[in-house]
Amino acid sequence: MKDVAGVYRLGELKDRIVEIKGVPTGIQGLDGLFFTFKRDDKGFKKVPLGGIPQYAVVNLTGVSDTGKSLMAEQFAVWRAGQGDRVAFVTVETPAAFLSAGLYERAKAYGIENTVIDENIIIVDAASYKDLRENLPALFDTLAYVYKNYRADYTIIDSVTGLYEHKEIMARVFVRQIFNFLKKWYQTGILVSQKRSSHEELSAEAAGGYAVSHIVDCTMVLSKKTIQSTYDERLYRKPIGELIRLFRIDGCRMCGHDTDTHILNISDIGLVSIGPSLKEMLNKKEG
Ligand SMILES: Nc1ncnc2c1ncn2[C@@H]1O[C@H](COP(=O)(O)OP(=O)(O)O)[C@@H](O)[C@H]1O
Ligand SMILES: [Mg+2]
């Protein structure tokens, strides 16, 4: 039945199956949160992936100033530093300002600018309206980047910026972007904005749950201020201080940690994932 489009016997797909491998992110504390399993004569064994799953389209969502852009930039700089090509679609920050941020991340990591100069290809949808408002134009440009620069990674910060006045269309947009990234075997990070009215650590992004339903993996970032003596004891921070939290809401491609973790942003602007709240509580009691 080879002539009927879209129908395959399972066994026919063997040469197209993608092996689940981890892609190190450079974000301290994150890579250990994904795993797969092996089966031997003693039973099942958890095997750490050591990164986000390759070929996954990951949704990074949270309200403003939770660290989404920093994480996306860190991932881009870290991969570029390892010799990979990264396409970075900037929708909110014009290219020149994004570059400054990328060099800051590189400095913090101790990666030479010359190493990342060749490997990060910026697509400036913040400055070019057509790229921002016309999805086929953006896809044509990205296809050009994949063919000419051999990029394997795509960051879009943010997808919300691509449907700003058409949130009702979020699902259609995200589905098309997802399919496009899959077609090109990209490992992708889609940053999406949450509204402050959305429940803190839910995966809901502007445009509703559309984004998380479609992508392979959703990570949620949030922030809160210390407001009670209970908070003070749990987080070991004084009243009024800001803390940030992180959780992997779901990942369809592999196993993952489900706890809520502390998210730290260091003085040199590097995001890292800290202990889970469970660990904080145990430490407090212990
Ligand atoms: N270089 C830096 N050093 C220290 N903190 C920083 C630095 N850059 C950003 N931050 C902090 O990180 C926060 C999150 O930044 P960002 O990733 O841009 O947020 P988002 O993309 O989620 O809106 C900022 O509001 C700021 O408090
Ligand atoms: Mg941002």
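Look up a bit, the structure's there.
Caption draft 1: Geometry of the environment of serine 99. Assignment of secondary structure puts serine 99 in helix α2 (residues 95-109). We classify serine 99 as partly exposed; it has 18 C-beta atoms within 10 Å. Between the C-alpha atoms of serine 99 and isoleucine 122, which are 23 residues apart in sequence, the distance is 8.5 Å.

Caption draft 2: Summary view of the environment of leucine 221. Relative to the assigned elements, leucine 221 resides in strand β10 (residues 217-225). Residue classification places leucine 221 among the buried residues on the basis of 24 C-beta atoms within 10 Å. Considering only alpha carbons, one finds leucine 221 and isoleucine 116, 105 residues apart in sequence, at a separation of 27 Å. Each residue touching leucine 221, except ones within four places of it in the same chain, is listed here: Gly62, Thr66, Gly67, Lys68, Arg244, Phe246 and Leu263.

Caption draft 3: Quick look at helix α1 (residues 68-81). With 14 residues, α1 ought to run about 20 Å at 1.5 Å a step, and its terminal C-alpha atoms sit 20 Å apart, in line with that. α1 sits mainly inside the fold: 13 of its 14 residues count as buried.

Caption draft 4: Structural detail: the sheet that holds strand β9 (residues 187-193). Strand order in the open sheet made by the 9 strands is β7-β6-β8-β9-β5-β10-β11-β13-β14, with mixed pairing throughout. In the strand order of this sheet, the two ends are held by β7 (120-124) and β14 (271-276), each with one partner. Each strand axis lies, on average, 25 degrees off the axis of its neighbour in the sheet, ignoring direction. Packed on one face of the sheet, helix α5 (residues 135-149) meets β6 (86-90), β7 and β8 (153-157) and runs near 165 degrees to β7.

Caption draft 5: Broad picture of the pairing of β10. Direction of pairing for strand β5 (residues 57-62) relative to β10: parallel, over a ladder of 5 bridges. Among the inter-strand pairings, valine 58 is bridged to a residue of β10, identified as cysteine 217. Sheet topology places β10 next to strand β11 (residues 242-251); 9 bridges connect them, and they run antiparallel. Counterpart to serine 222 in the pairing with β11 is leucine 245.

Rules used throughout
Residues numbered from 1 in each chain as written. Chains lettered and ligands numbered in written order. Predicted model: local features only at pLDDT ≥ 70, side-chain atom pairs only at ≥ 80, totals over all residues. Helix = DSSP H or I, 4+ residues; strand = E, 2+ residues; numbered from the N terminus. Buried ≥ 20, exposed ≤ 12 C-beta atoms within 10 Å, placed from the backbone. Contact = placed C-beta atoms within 7 Å. Expected span 1.5 Å × (residues − 1). Pairing = 2+ DSSP bridges. Axes fitted to C-alpha atoms, helices over the stretch in contact; angles between N-to-C directions.

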